[in-house]
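These are the residues of each chain, in order.
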Amino acid sequence: MSMTAPASNRVRQATPAGDRRRKRVRQVGIAVLMILVLAIMLFPFYWMILTSFRSQVANTSPVPVWFFKPTLENYRNVIEQNNFLAYTLHSLIIATLATGVGLVLGLPAAYSIARYKQNGLAFAILMARLTPYITYLVPWYLAFRALHLIDTYVALTVTHLIVGMPLIIWIMISFFEEVPRDLEEAAYVDGASRFATFVRIVLPLSAPGIVAASILSFIFSWNQFLFSLILSGPHTKPVPVAVFNFISYGEINFGGLGAAAVLITLPVVLLTLAIQRYIVSGLTMGAVKG
Amino acid sequence: MTERAARFFDRNAQWLFPLPAVIAIIVLILGPVLANVYISLHDWFIGGTPKFIGLGNFSRALHDGRFWNGLKNTFYFTGIAVPVEMVLGLGIAVLFNRDFHGKALVRTISLLPMVATPVAIALIWALMFNPSLGVLNYFLQSVGLPRSLWVASSQFAIPSLTLVDIWEWTPMVALILLAALQGVPSELYEAALIDGAGPLQAFRFITLPSIRSAAVVALILRAIDALKTFDIIYVITQGGPGTASETLNVFAFKTGFEFFRAGYAASLLIFLLVAVLGVSILLNSMRRSPA
Amino acid sequence: MRRRLIGFLVVAGLLFATLSVASAQQFNWQKYSGTSIRFLMDQHPFTNFIKPLVPQFEKLTGIKVTLEAYPENQFRQRRLLEASSGADSLDGYMIMPGQVGKQYLDAGWVRYLGDYLNDPTMTDPNLDLNDFFGGALNTFKHDGKLFGLPLQNETSILFYRKDLFKQAGIGRAPTTMAELLADAALLKKGNTAGFAMRGKGANATSQIVNFLMSFGGDWLNADGTSALNSYQSQQALAFYADLLRHYGPPGPTNMSWPEVTSLFAQGQAAMIFDGNVFRSIMEDPKQATQVVRDNVGYAPLPAGPAGMKPVVLVWGLAVNHASKNPGAAWYFIQWALSKANQEKALLAGVPAACTSAWNNPEFTKTAPQDWIDASQKSFAVGNPNWNPPVVPVPEVRDAYGQAIVAALEGKPVAPALDQAAKTINQVLANQ
């Protein structure tokens, strides 16, 4: 996606010398603004990282302690004493399963909506997004408890589907609409079944969208707090819930909290870095075309 | 697949493709929503036995000042957060809509606030908001402004919370609008230039209408999510001070999971669902009106 | 030959029978060897203390133990959901009778321990019920029947900065509410608050109740309706609000124990009033500044017009009624709260509820004398009703909390308390 300066920027005429100076000032001003915006976006992360390397007394100091001797104790505390790697593994399993199932169920559905213009179904999917998540909690808790599925990957995967699947469908509808019908028709005429066409022609052509949708679904499952809070247990405790380990009856361990926050957010950041191009196109495709 | 199966599939493709997803939706979504309706018709203190009371919970809510407070706070929060996000998002999109180095980096940074784990971010913001020990007041004082109570004040609790939401989601709005801006053909601007239009007029008559559909989509997305916001409010203020930042969502959670009145909580959630539905239908109608 | 064999068998049989009966009369830690039990615990210093010791118990008894800990709100939710559903996979839990006692007892979710205590094969002969603080043990009795054992006795005390007192020319910690107000006025300087205390709605009720009682107020009238709008209650709330509004830190309505204790630990408050268990924060170099660590003093609750009337918060362990292994759960409880373990717990900072631990010279050597005095003075007269003895405790606390927030924001006290009482009466009537 290349960016050329839009024509609106060229809508101006003036004398060369003054024009150059004004342009310089303007450029500097714009650069400063850009940096300011980016700095604001990054500041809480910066604070999170600082907090994770400071001791408790430094973290609660009224005058911010900008310069200090960093300590690794918070990280050691989080990883060793709090079994954080186990929680990371839980989150990894849940997010992967939820995304996987979300793809298996969602891709065909999105294709169907795109292909057959099933607006009613699209609306039903949207309904899923409208409902406040708490609405699901009590019925699910009762159901899963009756089925002895509390603290199992089944329960968590299934509930995280609620977050991931509508997202996948919504993003993929736009991508599937982009696939040229002629290619599909050609394959169909050649004797391939609809299903084969879907798998062999449509899916590969929509790969960037699938990647974007999967990553986003993974991320949102990773970040899911409310369902995990009520339905998980020691065998499946995911990372957002684990952050609360640092809030106990007699102490809020800010350093530990910061370190946990960094460790939770880090995989998400890395993932985002690796495929930011796909995420942006995935998001914006859905918005701009939809 | 066998020949016959393939043909059966082909003929019924439009039902079979979405079928697994539909089943999932019915079981996982529709089921609980209906169960919620059922629960809302009962008086049920968790640990006791449910008692059918028809619409008793609903009429109780309508007479409950705390319910109206929750509804008001929900719209107050959304009413600040979403417009600010749209305007700021547009501004940022315009700002970044030009040639420069490091576009990929900017894109990545813009994504971070929305993908960061909300619970973790909220706890850091809570620390920053502390009136005596937080860094935000330190910044205020260092430029000569008085300290603020931020979320510790009934008056500023919701506005302060919207700051967090704005920080988190404006970049997403900006990204969507930026993509839309980049889709505007430059010929339109050149034509306007030839016709003698200034930059402000170009913005008003070319830019805005062109990005309208993307903007409406972003608006609907944000409005729905803002109405449903839970994590940051629950983590930072738990609805306080008092009930100053208690949105309907938080009130429902407290009623169900702290006061253990499942029936009443269920009815509150239905009210919220109706509100969200209403808003989304209203906004959706904007989509279909001619550009 | 055959007669001798039969005789031998009979004697052997009798001997065997006698021996079995004899050994059955003795307490045996290994009785439930091979079973597994699961306890739900609050994320609490006691849990941190007992967890590493669990392997000792497992070795001693052959019982496998899982301790599941959660932060307080989640812990209460889970415990309620599991107890109310009769989950047999839950064997025991931590519990505060002052908070959920009535609810759990009325519903029959806790198991009484009388039969175990009367059975010498089920109870460790070293278990001495008289060693537990009487008041604490009583909170675990209903109609004289014991349903658990206390693990902690917490009370709220005054924390104060001896150096700041000296600078202001104040000779000793305040002993009356009037002195408290006067001292706070003298001590408030710049960014340092004279006095700080919780103000965050429901969370603050466990602290303000000390003031409520000391001004002569109480939770309920004799007829069971709310007494929070009584004259004495209004006096207490007005005093508290005045104190904090004039001499307290900014934003008290958002302060719970983390904010209050951090404030003091950072040297930003000359006095605070909160749980004696937080002494561990003030003496920890990682959490408190040097000047605070060197100058922290402790004093009991100042006396109000009705005297010094503190409350005590008791945590303990109980057996889940639906448990499949109640015997094994009981074994864990009596081991965890044995004299030896309670001594160690107190040394680790958990205010254990047994006399021998507090008299332990190893402890008296290391703990500040004024903290011991303040705590014990409070324990001696402590009232276990830090919540009203009703079922919907969270809602009652929430209603009182709303009045607290209103008062702290300068609104008139009487109408706020009237509203609270009205809400509470409605909630109680709906039960």
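As a reminder, the structure under discussion sits directly above these lines.
Keep in mind that this is a model prediction, so the values were computed, not measured.

**Points about the interface of chain B and chain A**
Taken together, the 93 residues of chain B in the interface contact 95 residues of chain A. In this assembly, chain B packs against chain A so that about 8,700 Å² is buried in total across both faces, 79% of it on carbon and sulfur atoms. Across the chain B-chain A interface, the total number found is 5 residue pairs in polar contact (both at pLDDT 80 or more). Here the residues of the side of chain B that touches chain A sort into 70 nonpolar, 13 polar and 10 charged.

**What to know about the pairing of strand β6 (residues 148–161) of chain C**
A regular strand carries its side chains on alternate faces of the sheet. Residue and element names in this part refer to chain C. Counting buried positions along β6 gives 14 out of 14 residues, so the element sits mostly inside the fold. As defined by bridge partners, β6 adjoins strand β9 (residues 312–319) across 7 bridges and the pair is classed as antiparallel. Looking at β9, one finds that glycine 148 is bridged to alanine 318. In the sheet, β6 pairs with strand β7 (residues 271–275) via 5 bridges, with the strands oriented antiparallel. If you follow tyrosine 160 over to β7, its bridge partner there is methionine 271. When β6 meets strand β8 (residues 296–299), the two strands line up antiparallel, connected through 4 bridges.

**Some remarks on helix α9 (residues 157–182) of chain B**
Between the first and last C-alpha of α9(B) there are 38 Å, a value that for 26 residues agrees with the 38 Å anticipated at 1.5 Å per step. Of all the bends in α9(B), the greatest reaches close to 35 degrees and is centred on B:Trp169; the proline B:Pro171 follows between one and four positions later.

**Quick notes on the packing of aromatic side chains**
Summed over all chains, the structure comprises 59 aromatic pairs over all chains. Aromatic pair A:Phe218 and A:Trp222: ring centres 6.0 Å apart, planes at 20 degrees, arrangement stacked. Placement of both A:Phe218 and A:Trp222 in helix α10 (residues 207–223) is noted, with a separation of 4 residues, approximately one turn of the helix. According to the relative accessible area criterion, A:Phe218 is buried, its value standing at 16%. Through a chain of ring-to-ring contacts, three or more aromatic side chains come together here, namely A:Phe43, A:Tyr46, A:Trp47, B:Tyr138 and B:Phe139. Positioned over the ring face of A:Tyr116 is A:Arg115, at 5.8 Å from the centre of the ring. Above the ring of C:Tyr112, the side-chain terminus of C:Lys145 is found at 4.3 Å from the ring centroid.

**So, unusual backbone geometry**
Most peptide bonds take the trans configuration, and most residues that are not glycine carry a negative phi. With an omega of 0 degrees, the peptide bond between B:Gly240 and B:Pro241 qualifies as cis. Take B:Pro241: it is sitting in the loop between α13 (231–236) and α14 (248–257). At A:Lys117, a position not held by glycine, the phi torsion is positive, near 50 degrees. Phi angles above zero are rare outside glycine, and B:Phe260 is one such case at about 60 degrees. Inspection of the secondary structure assignment puts B:Phe260 in the loop between α14 and α15 (262–288).

**Notes on the side chain of C:Glu68**
Here C:Glu68 shows up in strand β2 (residues 64–70). In terms of polar contacts, C:Glu68 uses its side chain to reach the side chain of C:Arg38, at 2.7 Å. Within the structure, the side chain of C:Glu68 is placed 2.8 Å from the side chain of C:Tyr70, a separation counted as a polar contact. Ignoring sequence-local partners within four residues, the contact set of C:Glu68 consists of A:Pro234, C:Arg38, C:Phe39, C:Leu40 and C:Met41.

**Some details on empty space enclosed by the protein**
A probe as big as a water molecule, rolled over the atoms, marks out the empty space that is left. Taken as a whole, this structure holds 8 cavities of 30 Å³ or more when the rule is applied. A volume near 760 Å³ is recorded for the second largest cavity. Lining the second largest cavity are 32 residues, with A:Tyr133, A:Phe220, B:Pro118, B:Trp169 and B:Asp225 positioned closest to its centre. Examining the composition of the lining of the second largest cavity, we find that 5 residues originate from one element, helix α7 (residues 153–178) of chain A, more than from any other. Here the residues of the lining of the second largest cavity sort into 21 nonpolar, 4 polar and 7 charged.

**Description of the packing of helix α6 (residues 103–115) of chain B against α9(B)**
Residues and elements named next belong to chain B. Direction vectors running N to C along α6 and α9 enclose 135 degrees, while the axes themselves pass 7 Å from each other. Classified by the interaxial angle, the pair formed by α6 and α9 is oblique. Crossing of α6 over α9 shows left-handed handedness. Taking contact as the criterion, the partners of Arg107, Ser110, Leu111, Pro113 and Met114 in α6 are, on α9, Trp167, Glu168, Trp169, Pro171, Met172 and Leu175. Among the residues making up the contact of α6 with α9, the classes are represented as 8 nonpolar, 1 polar and 2 charged.

**Concerning the pattern of salt bridges**
The full count for this structure, using the stated rule, is 21 salt bridges over all chains. A:Arg115 is the partner of A:Glu185 in a salt bridge, and the nearest nitrogen-oxygen pair spans 3.1 Å. You can see A:Glu185 sitting in helix α8 (residues 181–189) and its partner A:Arg115 sitting in helix α4 (residues 84–116), a full 70 residues away along the chain. A salt bridge links B:Glu246 to B:Arg66, with the nearest nitrogen and oxygen atoms 2.7 Å apart. Residue B:Glu246 is found in the loop between α13 and α14, and its partner B:Arg66 is found in helix α5 (residues 65–96); the two are separated by 180 residues along the sequence. Judged on exposure class, the residue B:Glu246 and its partner B:Arg66 are both buried. One continuous salt-bridge network, built from bridges that share partners, spans B:Arg66, B:Glu246, B:Lys254 and C:Asp398.

Calculation notes
- Residues numbered from 1 in each chain as written.
- Chains lettered and ligands numbered in written order.
- Predicted model: local features only at pLDDT ≥ 70, side-chain atom pairs only at ≥ 80, totals over all residues.
- Heavy atoms only, no water.
- Contact = heavy atoms within 4.5 Å.
- Buried area = accessible area lost by both parts, 1.4 Å probe.
- Polar contact = N/O pair within 3.5 Å; in protein donor to acceptor, adjacent residues only side chain to side chain.
- Nonpolar A, V, L, I, M, F, W, Y, C, P; charged D, E, K, R; others polar.
- Buried < 20%, exposed > 50% of the residue type's maximum accessible area, 1.4 Å probe, protein only.
- Helix = DSSP H or I, 4+ residues; strand = E, 2+ residues; numbered from the N terminus.
- Pairing = 2+ DSSP bridges.
- Expected span 1.5 Å × (residues − 1).
- Bend = angle between axes of the 7 residues up to and from the residue.
- Phe/Tyr/Trp six-rings, centres within 6.5 Å; stacked < 30°, edge-to-face > 60°.
- Lys NZ or Arg CZ within 6 Å of the ring centre and 35° of its normal.
- 1 Å grid on protein atoms, 1.4 Å probe; cavity = no way out; pocket = protein on both sides within 12 Å on 5 of 7 lines; lining within 4 Å.
- Points joined across faces, edges and corners; volume = space filled by probe spheres on them.
- Axes fitted to C-alpha atoms, helices over the stretch in contact; angles between N-to-C directions.
- Parallel < 35°, antiparallel > 145°, perpendicular 65-115°, else oblique.
- Left-handed = near helix turned anticlockwise from the far one by under 90°.
- Salt bridge = Lys/Arg side-chain N within 4 Å of Asp/Glu carboxyl O.

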